[in-house]
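Chains, contacts and geometry: an overview
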Amino acid sequence: MAEQAKAVRMPPRWFVTTAWKVHRGLYRLGGGKRFLWPPGGKRGWGAMQLTTTGRQSGEPRQVILGYLEEGDELAAMAMNGWGDGEPAWWLNLQANPDATVRTVDGEREVRARPAVGEEHD
């Protein structure tokens with residue numbers, strides 16, 4: 001008998017956005033690195049800070065993202081906390097792909113691009 005897929009119940013949107021705000025606040029209070037971690041371990045993914053340029057404001061915009069590493073390349077999924085639409089940080093990168101990331105290893109400049117083909121799959 002084939003197993004049936006269980007429906008995954010997602011938290012309410014207000015909970016997701018509140019968790020993001022709390023995480024950003026703790027990150028700032030902790031001086032930055034405390035709430036960043038490298039990929040691997042139990043989670044499998046790491047946490048990094050991404051700074052983009054706002055596509056409308058031109059101002060720096062920061063977000064904490066989960067990411068994976070493949071050699072020197074970093075990969076993050078452009079999901080909006082299970083909500084509809086693309087996240088603002090991804091829209092900002094589409095308008096201006098030059099950004100800065102901070103990981104536990106330090107800060108570096110990056111140029112974002114969407115994954116294509118087999119890489120995307």
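Whatever comes next refers back to the structure up there.
Since this is a predicted model, take the numbers as computed values, not measurements.

**Looking at the overall build of the protein chain**
Helix and strand content of the protein chain: three helices and five strands. Along its sequence from the N terminus, the protein chain presents helices and strands in the succession α-β-β-β-α-β-β-α. Taken over the C-alpha atoms alone, the protein chain extends approximately 55 × 35 × 35 Å along its principal axes. Expressed as a percentage of the 121 residues in the protein chain, the buried residues total 24%. Put simply, of all contacts in the protein chain between residues at least 6 apart along the chain, 44% involve residues at least 24 apart.

**As for the environment of Thr52**
By the element assignment, Thr52 lies in strand 1 (residues 46-53). Accessibility expressed as a relative area gives 2% for Thr52, which makes it buried. C-alpha of Thr52 to C-alpha of Pro38: the two residues are 14 residues apart in sequence and 21 Å apart in space. Here Thr52 is in contact with Glu59, Pro60, Arg61, Trp89, Asn92, Leu93 and Ala99, once residues within four sequence places are set aside. A distance of 3.2 Å separates polar atoms of two side chains, one belonging to Thr52 and the other to Asn92.

**Things to note about the packing of aromatic side chains**
A full pass over the atoms with the stated rule returns three aromatic pairs. Taking 5.9 Å as the distance between ring centres and 85° as the angle between the ring planes, the aromatic pair formed by Trp14 and Phe15 counts as edge-to-face. With relative accessibility at 44%, the residue Phe15 sits in the partly exposed group. For the ring pair Trp37 and Trp45, a centre distance of 5.5 Å and an interplane angle of 55° mean the geometry is tilted. Here the guanidinium or amino end of Arg43 rests over the ring plane of Trp37, the centre of that ring lying 3.9 Å away. Against the face of Trp45 rests Arg43, its NZ or CZ located 6.0 Å from the ring centre.

**A word on the nonpolar core**
One finds Met48, Leu50, Val63, Leu65, Tyr67, Trp89, Trp90, Leu93, Ala99 and Val101 forming the largest nonpolar core, which totals 10 residues. For this core, the secondary structure elements donating two or more residues are strand 1, strand 2 (60-70), helix 2 (88-95) and strand 4 (98-103). The contact partners of Trp90, leaving out residues within four places of it in the chain, are Ala78, Arg113 and Pro114. Of all hydrophobic cores here, the second largest spans five residues; its members include Tyr27, Trp37, Ala47 and Ile64.

**Notes on the pattern of salt bridges**
Per the stated rule, a full pass over the model turns up four salt bridges. With a closest N to O distance of 2.7 Å, Arg111 and Asp98 form a salt bridge. Separated by 13 residues along the polypeptide, Arg111 in strand 5 (residues 106-111) and Asp98 in strand 4 bring together distant segments of the chain. Judged by its relative accessible area of 41%, Asp98 falls in the partly exposed class. In this structure, Glu107 engages Arg102 in a salt bridge whose closest nitrogen and oxygen atoms are separated by 2.5 Å. The exposure class of Arg102 is partly exposed, given its relative accessible area of 29%. Put simply, Glu73, Arg113 and Glu119 are held in one network by salt bridges that share partners.

Here is what the cut-offs are and how they apply
Residues numbered from 1 in each chain as written. Predicted model: local features only at pLDDT ≥ 70, side-chain atom pairs only at ≥ 80, totals over all residues. Heavy atoms only, no water. Helix = DSSP H or I, 4+ residues; strand = E, 2+ residues; numbered from the N terminus. Buried < 20%, exposed > 50% of the residue type's maximum accessible area, 1.4 Å probe, protein only. Contact = heavy atoms within 4.5 Å. Polar contact = N/O pair within 3.5 Å; in protein donor to acceptor, adjacent residues only side chain to side chain. Phe/Tyr/Trp six-rings, centres within 6.5 Å; stacked < 30°, edge-to-face > 60°. Lys NZ or Arg CZ within 6 Å of the ring centre and 35° of its normal. Core = buried A, V, L, I, M, F, W, Y, C linked by side-chain atoms within 4.5 Å. Salt bridge = Lys/Arg side-chain N within 4 Å of Asp/Glu carboxyl O.

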